[in-house]
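Reading the structure
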Amino acid sequence: MTFEQMAAIIKKNRPSIDLDLLQLAYEFARDAHEGQVRQSGDPYIHHPMEAAVSLSKIEMDDATLIAAILHDVPEDTDRTIEDIENEFGEEIAGLVAGVTKLGKIKYRGIERYAENLRRMFMAMATDIRVILIKFGDRIHNLKTLKYLPAEKAQRIALESIEIYAPIADRLSMGEIKGQIEDLAFPYAYPDEYQWLIRRISPKRDKRKGMVDSILGDVEKVLKDAGQPVIDVHGRAKHLYSLYKKLLNHNRDISQIYDLAALRIIVPAVSDCYKTLGFLHEAYKPLKGRIKDYIAQPKPNGYQSLHTTCFTKDGGIIEFQIRTPEMHQQAEWGIAAHWHYKNANINRPALKEEKLRWVKQLNKLFEEVEDEKQILESLKLDIFQERIFVFTPDGDVIELPAGSTPVDFAYRIHSDIGDTCCGSKVNTKIQALTTILRNGDVVEIFTDKRRKGPNEDWLNYVKTSQAKHHIRQMVNRKKRTEQEFGNA
Ligand code: MN
């Protein structure tokens, strides 16, 4: 890939890109990585360029794209974060520093990953764009796994499926999650992958033919009904998600009803329900297969109407009906924030929609000019109501927001809770009533002579675990005292 090729793709995906800055970043990274080659034999600079191209497809902002081009410079070359800050300013340098801090740790299973998770959550809490750059980086690394020794390729693939894909899912980035899983699948579980391919490929062409023919049919049905439609397209089910679904259905492929699916994008929510009606008039729906994820979104915010119908030649197809905003949200998740910020979409119209996510977003964009504040709110949104704090050894402890060192102590062990007498938060002695914040490192002091918890801890602990245990201990102590008094 040449600079011109990269610039052309990015410009197409993000017309407002600052091309001068892009070129500056390219030249800086190219010179820094001079002489380095990838395992594939390509000049190293191809890798960060590919990462930036991936991120431009979800229309990330300039700083993210520039930082993607620079993302391996501090770790792999003699240029430093300071050099980058001098050339490109604080924001871009901050993003690159965030990626660099994540480091490159050998994956040996999720149990031994605490330190890396800690770094990831810290990075996400500081600037969510850091993890998005990691996605761009990871996607290109997955695309070039075939050049690595099998064992190393499998390690990277497993890390991708066990860590990166779930984070993408949590950020509602369905498209990125699907890409990561499908690229990693053949290397993570080669035998299972081969089994699946053999299982589904015989009918693949037939299915494709069916989707194509029904697509034209559906367009005609909706046109005759006078229903405005923005787009109709077939969607291939992601292989890894199909595999996981099969595991839940005794590997019986006839139980999977969404192998063939058609997406119908219509202008507004009311159009979604009307379209559902028109389709049911034309195609007989399967019983119990109508799902209204618009009125009742999935936990990650996914919205659409789903219905499974018989086609006219006796096949089965799933229809997914949604608005463009729901579609964007389902595919891009959190990255859609930047899209809406860049595109001049019709905001008043959106206000009619019952889309919590977009509504919140619009409100934010109306009220807040400063990008930093928007990121701040995104952070709250994602880590809503829970915080991640750390033991001095770097283990991640998840707690509800508002938790105190006492909650932390009980989360470690009830004995630690019962005997705790003081705490250190980020190397400073702090009261046991201190409210912990995301990223705090917490150390607990215990006193073995202590005879159980204080009753007044109940006034400020947040976790039900701590509450329950303290109550139990306090009651037991009272009973013992009574018995002792009666004796
Ligand atoms: Mn990289």
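Computed from a prediction, not measured in an experiment: that's the story for all the values here.

Our focus in this paragraph is the sheet that holds strand β1 (residues 231–236). With respect to topology, 5 strands assemble into an open sheet ordered β1-β2-β5-β4-β3, the strand pairing being mixed. The strands lining the two open edges of the sheet, one partner per strand, are β1 and β3 (291–292). Inspection of the sheet shows β3 paired to strand β4 (residues 305–310) by 2 bridges, in the antiparallel sense. What sits directly across from D292, in β4, is L305.

Our focus in this paragraph is the packing of aromatic side chains. One pass over the full model with this rule turns up 10 aromatic pairs. Aromatic side chains F185 and Y240 sit 5.1 Å apart centroid to centroid with 70° between the ring planes, which places their arrangement in the edge-to-face category. Linking F185 in helix α10 (residues 174–188) with Y240 in helix α12 (residues 239–247), this pair joins segments that are 55 residues apart in sequence. Residue F185 shares its accessibility class with Y240, and that shared class is buried. With centroids separated by 6.0 Å and ring planes inclined at 40°, the aromatic side chains of Y240 and Y243 adopt a geometry described as tilted. Here Y243 and Y240 lie together in helix α12, a separation of 3 residues that amounts to about one turn. Take Y240 and Y243: they sit in the same class, and that class is buried. Taken together through their ring pairs, the aromatic side chains of F185, Y189, Y193, Y240 and Y243 make up a single cluster. Just above the ring of Y44 sits the side chain of R38; from NZ or CZ to the centre is 5.6 Å. Stacked on the ring of W195, the Lys or Arg R251 has its end atom at 4.6 Å from the ring centre.

Once that is clear, we can look at the sheet that holds strand β8 (residues 420–425). The antiparallel open sheet is built from 3 strands, whose spatial order is β9-β8-β10. Edge positions in the sheet fall to β9 (428–430) and β10 (442–446), since each has one partner strand and no second. Taking the axes of each pair of neighbouring strands and ignoring which way they run, one obtains an average angle of 35° across the sheet. Note: β8 against β10, 5 bridges, orientation antiparallel. The residue bridging C420 from the neighbouring strand is T446, located in β10.

Calculation notes
- What you see as residue numbers is a count from 1 along each chain, following the sequence as written.
- The model is predicted, so local features are restricted to residues of pLDDT at least 70 and side-chain atom pairs to those at 80 or more, both for listing and for counting; the totals for chains, interfaces and linings are taken over all residues.
- Working from all heavy atoms in the structure, the side-chain values ignore hydrogens and water.
- When DSSP finds at least two bridges between two strands, those strands are taken to pair.
- Runs of H or I in DSSP of at least four residues are treated as helices and runs of E of at least two as strands, each being numbered from the N terminus.
- Two rings from Phe, Tyr or Trp (for Trp, the six-membered ring) form a pair when their centres are within 6.5 Å of each other. A pair whose planes differ by under 30 degrees is stacked, one over 60 is edge-to-face, and the rest are tilted.
- A simple rule labels every residue: compare its accessible area, found with a 1.4 Å probe on the protein chains alone, to the largest value its type can have, and call it buried under 20%, exposed over 50%, or partly exposed in between.
- Either the NZ atom of lysine or the CZ atom of arginine qualifies as a charge over a ring when it sits within 6 Å of the ring centre and within 35 degrees of the ring normal.
- An axis is simply a line fitted to the C-alpha atoms; with a helix, the fit covers only the stretch in contact. Between two such axes, the angle follows the N-to-C directions and lies from 0 to 180 degrees.

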